[in-house]
Amino acid sequence: MKFLDNLWVELFFSDPGYLCLKQALKTVTALLLSVAFCHFFLENLIAPPFLIIFLMQAHQGKTKKQKMFTQALAFIVFTMCFFIGVYLKAYSLLVFHSGLILLAFLAFYVQRFGERFTRFPLFAWVMYFFALILPPQNSTQLWYNFIGVLMDFPITFILYFYVFPDSNKKIFFDNFRLYYTKCRQMLLVLQSFFQKKISAADFTANMQQKLDGIRDLVLMNQSVFETVETSHADHQLALDEYYFEEYERTRGLAMAFEATKHLCAQGIGVPESLSPPILKIMDYYLVIFQSMRIDDKTYSIDCSFNAASLETALDAYKNAVLRLDLPENQLTIFWNLYLGFIQMSKVMRDKYVYR
Amino acid sequence: MFIANLRPSTRLALQASIALTCVIVLSSFLPLDHAYWAMITAMLLISQTLGEGLKKASERVLMTILGGVVGTALYFVSKDVPTLFLIFIVSSVFFIIYYFDTSFRFAVFFMTISVVFLFAMLKSWNADLLLVRIYETIIGAFFAIFTGAVVLPIRAANKLNRSAEELITQLEAVLDNLFKFLFLDKKDHRQFKKLYANIVVQFLLFRKVAKITSFERWARAIDPKDPTRMAEKLRALTYYLTTALHIVQLIPVAPHTPLLIEKLESLKKDFLENLSRLKSFFSENGQAAKIEFLDIPVSNCLNDFKSVETWSKEDYFNFRALMYNLSCANAIFADFFGL
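What counts as what
- Residues numbered from 1 in each chain as written.
- Chains lettered and ligands numbered in written order.
- Predicted model: local features only at pLDDT ≥ 70, side-chain atom pairs only at ≥ 80, totals over all residues.
- Heavy atoms only, no water.
- Helix = DSSP H or I, 4+ residues; strand = E, 2+ residues; numbered from the N terminus.
- Contact = heavy atoms within 4.5 Å.
- Buried area = accessible area lost by both parts, 1.4 Å probe.
- Salt bridge = Lys/Arg side-chain N within 4 Å of Asp/Glu carboxyl O.
- Polar contact = N/O pair within 3.5 Å; in protein donor to acceptor, adjacent residues only side chain to side chain.
- Nonpolar A, V, L, I, M, F, W, Y, C, P; charged D, E, K, R; others polar.
- Expected span 1.5 Å × (residues − 1).
- Buried < 20%, exposed > 50% of the residue type's maximum accessible area, 1.4 Å probe, protein only.
- Patch = residues over 30% accessible without salt bridge, like charges linked within 9 Å, V, L, I, M, F, W, Y side chains within 5 Å.
- Areas by Shrake-Rupley, 256 points an atom, 1.4 Å probe, with all protein chains shown as cover.
- Axes fitted to C-alpha atoms, helices over the stretch in contact; angles between N-to-C directions.
- Parallel < 35°, antiparallel > 145°, perpendicular 65-115°, else oblique.

Concerning the environment of Thr83 of chain B
Here Thr83 of chain B shows up in helix 4 (residues 82-100). As a C-alpha pair, Thr83 of chain B and Ile46 of chain B span 37 residues in sequence and 37 Å in three-dimensional space.

See the structure below:
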């Protein structure tokens, strides 16, 4: 069952930032353009459309400049590999196979030079290999292949870098919104549980999946933060601060989930005096997460919320727990839930309430 | 000595070239109609560790069969409807790229569908070709695994042990800071930003390696550890200890009475001892029977703190929550050594 759940998540929720979706759309567009060009001008050749698929994936690098360099280098290497393969195959199959083995060695050997060399050397090997499967039948086709391959580069370059370009800054802002959307979704599940709208089993499975999604997003954001180029030292500080806030908030959600999971596991019902403040706190957090916004120049985070109301709701819950007459281990779980609520807005409350 | 010092990239390079040579040599003796399918499979399945290779190989074979069957069915449905044919081929390319970075198995599934349509477009496609595709994929997968296991193998289990030890080292730092923090007046755990980030990265690395190691374990069937269960336990342990560090900042300065200091010091010592034994558990390759864990009397401290006059009920509850998380961590130790 768990395997099926994991498969489901892998199939539908493996792209939280929609980056793969965008990349796939762009690749298909590039492919169609290359196919159309070959169809109208180059006798329906298929080596150039293949090359463009690989070229669209060869852009590893942290900065835009590095990505451009990788793509240009990949284009030269792919083209050379394909045409050298064509030449060697025509010369002798034994020599071609020796080249294939040598290139296989090199494709892995160059991985030592860093992440940028992990993908495109493998594709270069595949391009050489394609000379075996898709060799030009005559010299006209050879020239047509050359023209087709040459055309691939501007198409890829323009599509990748200028049409809906991958801007780390944009990814960061998209992830910012996505993060709070996911936090809201998680809170809504938590709220449904306390409103007794879903069963304990559904709650646990659903929350775990959502929490894992949020954690993956936080991790992804961590690598995005490292690549966002800021022009001002203060902006970098604001980014650091935001990452910390994201981490703290996720920890709060995890704590609230863990406490509620323990309530479920031990079959502890929520006392009547606790339900209203719990629901109120969650309402406030839903509003807060909805209103979260970020300045696209200074990266400062802001949101509209009534600090006093949130404090009152948190206090009401705290006092209700302190007044409960329950065994100490049960009280501790309710207290852990309170700590989770506190943790969710810890950085924010430090900023706005206590200063 | 020279071989032991070879970098992973050199090992992989040698594995790839030897696997490919094997397939090429085999194809010159056996009538393999489409030997290139075996070649490309062998090349693409060369992986960082043997476990990863096994995982990818099983997925590659399974998804080639599944994708081939689905692709063939779709081909027969669409072969007289050009628009549908085009939609299927473009969609399969779309999904290959979509899953390329996130799911190897789904990428392979769609890759096989696109091969069906590509062949149908260029030449023809039939059930015989599907069979050829499947057995050539199996040949390629066999050689990739064979070289991964025989030629300078890199075992995921070794990586798993190293990765677990590194994560436990980070957890030792968490424990150390946690007990220091109890006696501090000004508590700002921003100083642990880097520690938190390291733990997240280290844990995810461990989880990834654990998943891969499962495949080696399945293949060798001699490893007493269950890596997936271990990853779950280590996740829980990491969660409880880091949560304890978060809670500690809510607690006022602990009274510096000699008795309490002694008790907390002993608690810290016991936890560190258990972490150290856990490290040995990994370094000794899971021989759990040889190592016993210390059953730490976490709740013993509670009564002493209950009577601290300067603390409110709220302070006590925070302290109780801290101890609760530590006792959960303690229970995880018990689970670990009972694996």
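Moving on from the coordinates now.
Some points on the interface of chain A and chain B
Taken together, the contacts link 69 residues of chain A with 61 residues of chain B. Together chain A and chain B conceal approximately 6,000 Å² of surface at their shared face, both sides included; 68% is due to carbon and sulfur atoms. Here chain A is connected to chain B by three salt bridges. A salt bridge links Glu328 of chain A to Arg320 of chain B, with the nearest nitrogen and oxygen atoms 2.8 Å apart. Between chain A and chain B we count 15 residue pairs in polar contact (both at pLDDT 80 or more) in total. The dominant element in the side of chain A that touches chain B, judged by the number of residues it contributes, is helix 10 (residues 233-265) of chain A, at 11 residues. Residue composition of the side of chain A that touches chain B, by class: 40 nonpolar, 13 polar and 16 charged.

Some details on helix 10 of chain A
Residue and element names in this part refer to chain A. The terminal C-alpha atoms of helix 10, which comprises 33 residues, lie 48 Å apart, in line with the 48 Å expected from a rise of 1.5 Å per residue. Of all 33 residues that make up helix 10, 25 are buried, and the element is covered over most of its length. The positive-phi residue at the C-terminal boundary of helix 10 is Gly267, with phi of around 65°.

Topic: unusual backbone geometry
Residue and element names in this part refer to chain A. Backbone geometry places Phe164, a non-glycine residue, at a positive phi of 40°. In this structure, Lys196 is a non-glycine residue whose phi angle is positive, near 60°. Residue classification places Lys196 among the exposed residues on the basis of a relative accessible area of 74%.

Concerning the pattern of salt bridges
With the rule as written, the count across this model stands at 14 salt bridges over all chains. One salt bridge connects Glu314 of chain B with Lys318 of chain A, and the closest N-O pair in it is separated by 3.0 Å. Here Lys318 of chain A lies in helix 12 (residues 307-323) and Glu314 of chain B lies in helix 12 (residues 313-337), a pairing that spans two chains. By relative accessible area, Glu314 of chain B is classed as partly exposed at 25%. A relative accessible area of 12% places Lys318 of chain A in the buried class. Three or more residues are tied together by salt bridges with common partners; here these are Asp315 and Lys318 of chain A together with Glu314 of chain B.

Here we look at a nonpolar patch on the surface
Together, Ile158, Tyr162, Val163 and Phe164 of chain A make up an exposed nonpolar region whose accessible area comes to about 430 Å². With respect to the secondary-structure elements, Tyr162 of chain A resides in helix 7 (residues 139-162).

Thoughts on the packing of helix 7 (residues 156-182) of chain B against helix 10 (residues 258-283) of chain B
Residue and element names in this part refer to chain B. Orientation of helix 7 relative to helix 10, taken along the N-to-C sense of each, is 175°, at an axis distance of 9 Å. Put simply, helix 7 runs roughly antiparallel to helix 10. Taken together, the residues of helix 10 that come into contact with helix 7 (itself represented by Asn161, Ala164, Glu165, Ile168, Thr169, Leu171, Glu172, Leu175, Asp176, Phe179 and Leu182) are Leu264, Leu267, Lys268, Phe271, Leu272, Leu275, Ser276, Leu278, Lys279, Phe282 and Ser283. For the contact of helix 7 with helix 10, a count of residues per class yields 13 nonpolar, four polar and five charged.

A word on the side chain of His97 of chain A
Topologically, His97 of chain A is positioned in helix 5 (residues 93-109). In contact with His97 of chain A, other than residues within four places in its own chain, are Ile24 and Met39 of chain B.

Comments concerning helix 7 of chain A
Residues and elements named next belong to chain A. Taking 1.5 Å of rise per residue, the 24 residues of helix 7 would be expected to cover 34 Å, and the 35 Å separating its terminal C-alpha atoms lies within 8% of that figure. By the burial criterion, the buried members of helix 7 are Gln141, Asn145, Gly148, Val149, Asp152, Ile155, Thr156, Leu159, Tyr160 and Phe161. Residues of helix 7 that are buried sit in contact with helix 2 (19-41), helix 3 (47-57) and helix 4 (64-91). You can read the cap of helix 7 off the contacts: a side-chain oxygen lies 3.2 Å from the backbone nitrogen of Thr140, and it is on Asn138. Looking one or two residues past helix 7, Phe164 carries a phi angle of roughly 40°, positive in sign.

Focus: the side chain of Asn274 of chain B
All names here are of chain B. Mapped onto the secondary structure, Asn274 falls in helix 10. Residue classification places Asn274 among the buried positions, given a relative accessible area of 0%. Setting aside residues no more than four positions away along its own chain, Asn274 makes contact with Phe293, Leu294, Ile296, Asn330, Phe333 and Phe337.

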